[in-house]
Amino acid sequence: MASEAQRSDPAEPRRGRPRSEASHQAVLDATTRLLRVSSYEELTVEAIASEAGVSKQTIYRWWKSKAAVVLEVMLTGNAEIELVPMPSTGDLRADCLTWIRGMLVEAFRDTHVGMARSLVVAGLQGDPGTERLLQQASMWDHGLLAERLREAERAGELREGVDIAAAASAIGDPLIFRMLTGSAPSLSWSESLVDVVVTGLMRPGAGPSLN
């Protein structure tokens, strides 16, 4: 009997593990779907659990809060929270200026400031898995700003060897910092930020417009 138990014990984790991994992914997929049709503020753990077909207890087994779930979804590139559209007119500087002007309006609304602070707290309080994602992933690898920069790169407008994530971060991170402090920058500060970054990115002879 003892030998039979010894032979069967190692099989138990293998039977349970696929179900756990499937449920974990189901939660991420459900959160992604819900973020497409509702705002972060409207999103609830109850709604995620219902959409994923799992219990709230299952979600709280892996994540401490709604913010932690959303943070993982963003870090893994499954979903983006885009506050304003990014135009594509063929003029990178003008498009980035339009984008940042829109961000000054949307990003500093109380609901979006609260979301940013919640996501930062989730990152600071995350488990080792979240810490690994934060070290390995870059939210600026994807999203509308990064894609617009890649479009300019494909058009031959950027210097060779530009790190797109670093370039997007140079524009986006200062905004996030100002969101966290609750201090909206001035329009001139924001436009100067775009000018400094875009001017440094452009290939000689393909400089930004002066409009």
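Let us look at the structure shown here. These figures come from a predicted structure and were not determined experimentally.

## Quick notes on the overall build of the protein chain
Secondary structure assignment for the protein chain yields 11 helices and 0 strands. Written out in order from the N terminus, the α and β elements of the protein chain read α-α-α-α-α-α-α-α-α-α-α. Out of the 211 residues in the protein chain, the part that is buried amounts to 40%. Of the roughly 11,600 Å² of accessible surface on the protein chain, a fraction of 53% belongs to carbon and sulfur atoms.

## Examining the pattern of salt bridges
Applying the stated criterion to the full structure yields 8 salt bridges. Between Glu46 and Lys56 there is a salt bridge; the shortest N-O distance is 2.9 Å. Here the residue Glu46 occupies a position in helix α3 (residues 45-52), and Lys56 occupies one in helix α4 (residues 56-62), the gap between them amounting to 10 residues. With relative accessibility at 44%, the residue Glu46 sits in the partly exposed group. The shortest N-O distance in the salt bridge between Asp95 and Arg148 comes to 2.8 Å.

## Regarding the packing of aromatic side chains
Under the defined criterion, the tally for this structure stands at 1 aromatic pair. Lying across the ring of Trp62, Arg61 places its NZ or CZ 6.0 Å from the centre. Lying over the aromatic face of Trp189, Arg178 brings its terminal NZ or CZ to 5.1 Å of the ring centre.

## Some points on the environment of Gly172
One can find Gly172 in helix α10 (residues 164-181). Here Gly172 falls in the buried class, since its relative accessible area comes to 2%. The spacing of Gly172 and Ile100 is 72 residues in sequence and 9.0 Å in space, taken between C-alpha atoms. With near-sequence residues (within four places) excluded, Gly172 lies in contact with Trp140 and Leu145.

## Some remarks on the nonpolar core
Counting residues in each nonpolar core, the largest one holds 31 residues, and the members touching the most others are Leu92, Trp99, Leu145 and Leu158. Contributions of two or more residues to this core are made by α6 (92-106), α9 (144-154), α10 and α11 (187-201). In terms of residue count, α6 provides more of this core than any other element does, 7 residues in total. Sequence-distant contacts of Leu145, that is, excluding residues within four places in its chain, are made with Met86, Cys96, Trp99, Trp140, Ala168, Ile171 and Gly172. Core analysis: the next-biggest nonpolar cluster, separate from the first, contains 25 residues, Tyr40, Val70, Met74 and Met115 among them.

Each value, and the rule that gives it
- Residues numbered from 1 in each chain as written.
- Predicted model: local features only at pLDDT ≥ 70, side-chain atom pairs only at ≥ 80, totals over all residues.
- Heavy atoms only, no water.
- Helix = DSSP H or I, 4+ residues; strand = E, 2+ residues; numbered from the N terminus.
- Buried < 20%, exposed > 50% of the residue type's maximum accessible area, 1.4 Å probe, protein only.
- Areas by Shrake-Rupley, 256 points an atom, 1.4 Å probe, with all protein chains shown as cover.
- Salt bridge = Lys/Arg side-chain N within 4 Å of Asp/Glu carboxyl O.
- Phe/Tyr/Trp six-rings, centres within 6.5 Å; stacked < 30°, edge-to-face > 60°.
- Lys NZ or Arg CZ within 6 Å of the ring centre and 35° of its normal.
- Contact = heavy atoms within 4.5 Å.
- Core = buried A, V, L, I, M, F, W, Y, C linked by side-chain atoms within 4.5 Å.

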